[in-house]
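Structural characterization, general
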Amino acid sequence: MEISVIKIGGNVIDHPEKASEFLRAFAALPGYKILIHGGGVLASRIGKSLGITPQMVDGRRITDAKTLEVVTMVYAGLINKQLVAQLQAFGQNAIGMTGADGNVVQSVKRPVGAIDYGFVGDVVAVNTDLLASLISQSIAPVICAITHNKQGQLLNTNADTIASTIATELAKSHTVNLFFCFDRAGVLMDEKNDESLIPLINEDIYEELKRDKVIHSGMIPKLENAFEALHKGVNHVWMGLPENLHLAVKGKNAGTTIQSLKYGLF
Ligand SMILES: Nc1ncnc2c1ncn2[C@@H]1O[C@H](COP(=O)(O)OP(=O)(O)O)[C@@H](O)[C@H]1O
Ligand SMILES: CC(=O)N[C@@H](CCC(=O)OP(=O)(O)O)C(=O)O
């Protein structure tokens, strides 16, 4: 099977028209596909309205008990169900899931190190049989950023990490392409200017641009997850605007293609 694992960013989801345009394109994509989403922007906004100040470290949310309640309601509830309902309207059968549903993504609470992330989960297992079974029935899994530890505890996991891990696990027995759709044309030299697109990036360029703070915040976990996926057998990793996804799936760039020096592509 050739499978497309597609991650949609919270900034896109936050704009109903852009989200709808993306979902229409997702529904029209041929082949086997899985959608992963977060919704960090809305979670921060709703949290703030409840008096909870968001705290992010390198693009990852510090998740205390109250924040966990908010992100569960926002990701697993409102956003997940809205996405599924819209996909149904576009003729794409879909099923919305947290990691606990069907035990699809199991994680462990991140150990406290220099930073205590609270209820944040690191993925340890993916139920790839269930995913393969759903997609073979033309049902697209729509998976949010909430995972579980199989001991009754829900955990918050960065959605880019979930996308990368699901892609990696499926890549053990299938050809998998991973697409990160977000609110920029790709990795940029100037994050405010889509014209400054870097069409190809490898580990060395990434490290240099991270050091120079050209790459920062949410772009750090996105790129780290992208490289991790390539190192672990994912066929192709791309990031860019949702409106260019249809080009990316045909192998046309129109965004940033991630390449690994470890596998000698240069
Ligand atoms: N070099 C860069 N190129 C593009 N975006 C960057 C860069 N550095 C930082 N960013 C920021 O990273 C954001 C994407 O990360 P994030 O908000 O986590 O994405 P998502 O919308 O997928 O959740 C962009 O909206 C941009 O503000
Ligand atoms: C642990 C952690 O950082 N979890 C993320 C999960 C959501 C997410 O990744 O959403 P975006 O794709 O919109 O960024 C968070 O709560 O922000």
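Described in the following lines is the structure provided in the data block. Just so we're clear, the structure is a prediction, and the values are computed from it rather than from any experiment.

**Description of the packing of aromatic side chains**
This model, assessed by the stated rule, comprises three aromatic pairs. Ring centres of Tyr206 and Phe227 lie 5.7 Å apart, and the angle between their planes is 45°; on these two criteria the pair is classed as tilted. A residue pair is termed long-range when its members are at least 10 positions apart, and Tyr206 in helix H7 (residues 203-211) and Phe227 in helix H8 (residues 219-231) qualify at 21 residues. Residue class for Phe227 comes out buried when judged on its relative accessible area of 4%. Above the plane of the ring of Phe26 lies Lys33, whose end atom (NZ or CZ) is 5.4 Å from the centre. Stacked on the ring of Tyr117, the Lys or Arg Arg110 has its end atom at 4.8 Å from the ring centre.

**A look at the pattern of salt bridges**
Evaluated as defined, the whole model comprises 10 salt bridges. Between Lys7 and Asp160 there is a salt bridge, with its nearest N and O atoms 2.8 Å apart. Highlighted residues: Lys7 in strand S1 (residues 2-8) and Asp160 in helix H6 (residues 159-170), separated in sequence by 153 residues. Grouping residues by exposure puts Lys7 and Asp160 together as buried. Close ionic contact of Glu69 with Lys66 constitutes a salt bridge, the shortest N to O distance being 3.7 Å. Taken as a pair, Glu69 and Lys66 lie in helix H4 (residues 65-89) at a separation of three residues, close to a single helical turn. Classification of Lys66 by relative accessible area gives exposed; the value is 53%.

**Some words on the sheet that holds strand S8 (residues 140-143)**
With mixed pairing, eight strands are arranged side by side in an open sheet as S5-S8-S2-S1-S11-S13-S14-S12. Among the strands making up the open sheet, the edge pair consists of strand S5 (94-97) and strand S12 (200-201). In this structure, strand S11 (residues 175-181) lies alongside strand S13 (residues 236-240), joined through five bridges in parallel fashion. Residue pairing across strands places Leu178 opposite Val237, the latter belonging to S13. Relative to the sheet, helix H2 (residues 16-28) contacts S1, strand S2 (32-37), S8 and S11, its axis offset from that of S2 by approximately 155°. Seen against the sheet, H8 touches S1, S11, S12, S13 and strand S14 (256-258) and runs at an angle of roughly 160° to S13.

**Re the pairing of S2**
Counting buried positions along S2 yields five of six residues, so the element is predominantly enclosed. Bridge analysis of S1 against S2 gives six bridges, and the strand direction is parallel. Residue pairing for S2: Ile6 is matched across the bridge by Leu35. Examined bridge by bridge, S2 and S8 share two bridges and lie parallel to one another. Bridge pairing in S8 places Leu35 opposite Val142.

**As for the nonpolar core**
Core analysis: the biggest nonpolar cluster contains 76 residues, and Val5, Ile143, Ile166 and Leu223 have the highest contact counts within it. A per-element tally of this core places H4 first, with 10 residues. For Ile166, the contacting residues outside a window of four places in its chain are Val5, Ile34, Ile36, Val105, Val126, Leu131 and Ile143.

**With respect to the site of ligand 2**
Around ligand 2, the structure places 15 residues, and the nearest of them are Lys7, Gly40, Arg61, Tyr75 and Ala159. Measuring from an oxygen atom of ligand 2, one finds a side-chain N or O atom of Lys7 at 2.5 Å. At 3.1 Å, a backbone N or O of Gly39 approaches an oxygen atom of ligand 2. In the complex, the protein chains occlude 90% of the 420 Å² of accessible area that ligand 2 would expose alone. Split into classes, the residues belonging to the shell around ligand 2 amount to four nonpolar, eight polar and three charged.

**Thoughts on the site of ligand 1**
Neighbouring ligand 1 are 18 residues; Asp183, Leu188, Glu191, Val214 and Lys222 lie closest to it. The side chain of Arg184 places a nitrogen or oxygen atom 3.4 Å from an oxygen atom of ligand 1. Lys222 places a side-chain nitrogen or oxygen 2.6 Å from an oxygen atom of ligand 1. Starting from 570 Å² of accessible surface for ligand 1 in isolation, the protein chains cover 86%. For the shell around ligand 1, the elements supplying multiple residues, two or more each, are helix H1 (10-13) and H8. Per-class residue counts for the shell around ligand 1 are six nonpolar, seven polar and five charged.

The rules behind the values
- Residues numbered from 1 in each chain as written.
- Chains lettered and ligands numbered in written order.
- Predicted model: local features only at pLDDT ≥ 70, side-chain atom pairs only at ≥ 80, totals over all residues.
- Heavy atoms only, no water.
- Phe/Tyr/Trp six-rings, centres within 6.5 Å; stacked < 30°, edge-to-face > 60°.
- Helix = DSSP H or I, 4+ residues; strand = E, 2+ residues; numbered from the N terminus.
- Buried < 20%, exposed > 50% of the residue type's maximum accessible area, 1.4 Å probe, protein only.
- Lys NZ or Arg CZ within 6 Å of the ring centre and 35° of its normal.
- Salt bridge = Lys/Arg side-chain N within 4 Å of Asp/Glu carboxyl O.
- Pairing = 2+ DSSP bridges.
- Contact = heavy atoms within 4.5 Å.
- Axes fitted to C-alpha atoms, helices over the stretch in contact; angles between N-to-C directions.
- Core = buried A, V, L, I, M, F, W, Y, C linked by side-chain atoms within 4.5 Å.
- Near = heavy atom within 4 Å.
- Polar contact = N/O pair within 3.5 Å; in protein donor to acceptor, adjacent residues only side chain to side chain.
- Areas by Shrake-Rupley, 256 points an atom, 1.4 Å probe, with all protein chains shown as cover.
- Nonpolar A, V, L, I, M, F, W, Y, C, P; charged D, E, K, R; others polar.

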